[in-house]
Amino acid sequence: METTTLPEAPESIRAISSIPDPDYTDTYTHEAADASDWTPEEWARVCFNEIAGFKAWLMWRFMLRMKLRWWKSSGTICGWRIDGQGPDWIRLESDGHRFHGNLVYRITDGQAQLATIVKFKRPEMAVKWQKLQPTHNGVVPSLVAETHKRLRDKAS
């Protein structure tokens, strides 16, 4: 099972986003025949609450200065507000001093997709994001793959 990266979010994901004109998007697609055995919310909770966890919350909250709720509060996933969901997707939303962001999980037959969608609030954030992007691109594919593994382990 492979996780591939798209430098842009496809229209099917962009239509789910609450950010109409993003400055940055990406999508990580994990091929998994059993992807739809779990809901998008289950994928997101395992991915962010269990695997990324408190360390991710601290990074988003203090390094990136996102306005997050407590990392495991009601109506949130790792501090990001659940902003919308449908039968095959969930959208998490957070605002911050530097940017506004969505994390979107979309589950289809045979695939789990995780997209990052960002609108920068200040022009210099585009330059700062370019420095953070290699780390982001290195971490997220393994995060999605590990989420699938953890979901399968819990099911057995």
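Computed from a predicted model, the values in this text were never measured in an experiment. (Residues numbered from 1 in each chain as written. Predicted model: local features only at pLDDT ≥ 70, side-chain atom pairs only at ≥ 80, totals over all residues. Heavy atoms only, no water.)

Caption draft 1: Looking closely at the overall build of the chain. Scanning the chain from terminus to terminus reveals three helices and eight strands. Order of helices (α) and strands (β) in the chain, N terminus to C terminus: β-α-β-α-β-β-β-β-β-β-α. In terms of overall dimensions, the chain is globule-like: its C-alpha atoms have a radius of gyration of 14 Å, near the 15 Å expected for 156 residues. C-alpha extents for the chain along the principal axes are approximately 45 × 30 × 25 Å. Put simply, the chain has 156 residues, and 50% of those count as buried. Accessible area of the chain: about 7,700 Å², with a carbon and sulfur share of 53%. A distance of 11 Å separates the average location of the 21 positive side-chain charges in the chain from that of its 20 negative side-chain charges. (Helix = DSSP H or I, 4+ residues; strand = E, 2+ residues; numbered from the N terminus. Rg over C-alpha atoms; globule rule 2.2 N^0.38 Å. Buried < 20%, exposed > 50% of the residue type's maximum accessible area, 1.4 Å probe, protein only. Areas by Shrake-Rupley, 256 points an atom, 1.4 Å probe, with all protein chains shown as cover. Lys, Arg positive; Asp, Glu negative; His and termini not counted. Charge placed at Lys NZ, Arg CZ, Asp CG, Glu CD.)

Caption draft 2: Here's a closer look at the pairing of strand β5 (residues 80-86). Looking at chain direction, strand β4 (residues 76-77) and β5 are connected through two bridges and run antiparallel. Residue pairing for β5: Thr76 is matched across the bridge by Arg81. In sequence, β4 turns back onto β5 through a hairpin of two residues, with Cys78 there showing a positive phi of about 50°. Sheet topology places β5 next to strand β6 (residues 89-96); five bridges connect them, and they run antiparallel. When the sheet's bridge partners are listed, Gln85 is paired in β6 with Ile90. Between the end of β5 and the start of β6, which pair antiparallel, lie two residues. (Pairing = 2+ DSSP bridges.)

Caption draft 3: Representation of the packing of aromatic side chains within the structure. Within the structure shown, the criterion is met by eight aromatic pairs. An aromatic cluster of at least three residues, connected via ring pairs, comprises Trp38, Trp43, Phe48, Trp60, Trp80 and Tyr105. Here Arg61 stacks its cationic end above the ring of Phe62, 5.3 Å away from the centre of that ring. (Phe/Tyr/Trp six-rings, centres within 6.5 Å; stacked < 30°, edge-to-face > 60°. Lys NZ or Arg CZ within 6 Å of the ring centre and 35° of its normal.)

Caption draft 4: Seen up close, the nonpolar core. In this structure, Trp43, Phe48, Trp60, Leu92 and Tyr105 are the most contacted members of the largest nonpolar core, which totals 37 residues. When residues of this core are assigned to their parent elements, the largest contribution, nine residues, is made by helix α2 (residues 40-63). Leaving out residues up to four positions away in the same chain, Phe48 has contacts with Gly53, Trp60, Ile77, Cys78, Leu92, Leu103, Tyr105, Leu114 and Leu143. Of all hydrophobic cores here, the second largest spans eight residues; its members include Ile13, Val104, Ala115 and Ile117. (Core = buried A, V, L, I, M, F, W, Y, C linked by side-chain atoms within 4.5 Å. Contact = heavy atoms within 4.5 Å.)

Caption draft 5: A look at the environment of Ser142. Among the secondary structure elements, Ser142 is positioned in helix α3 (residues 124-155). Along the sequence, Ser142 and Gly110 sit 32 residues apart, while their C-alpha atoms lie 18 Å from each other.

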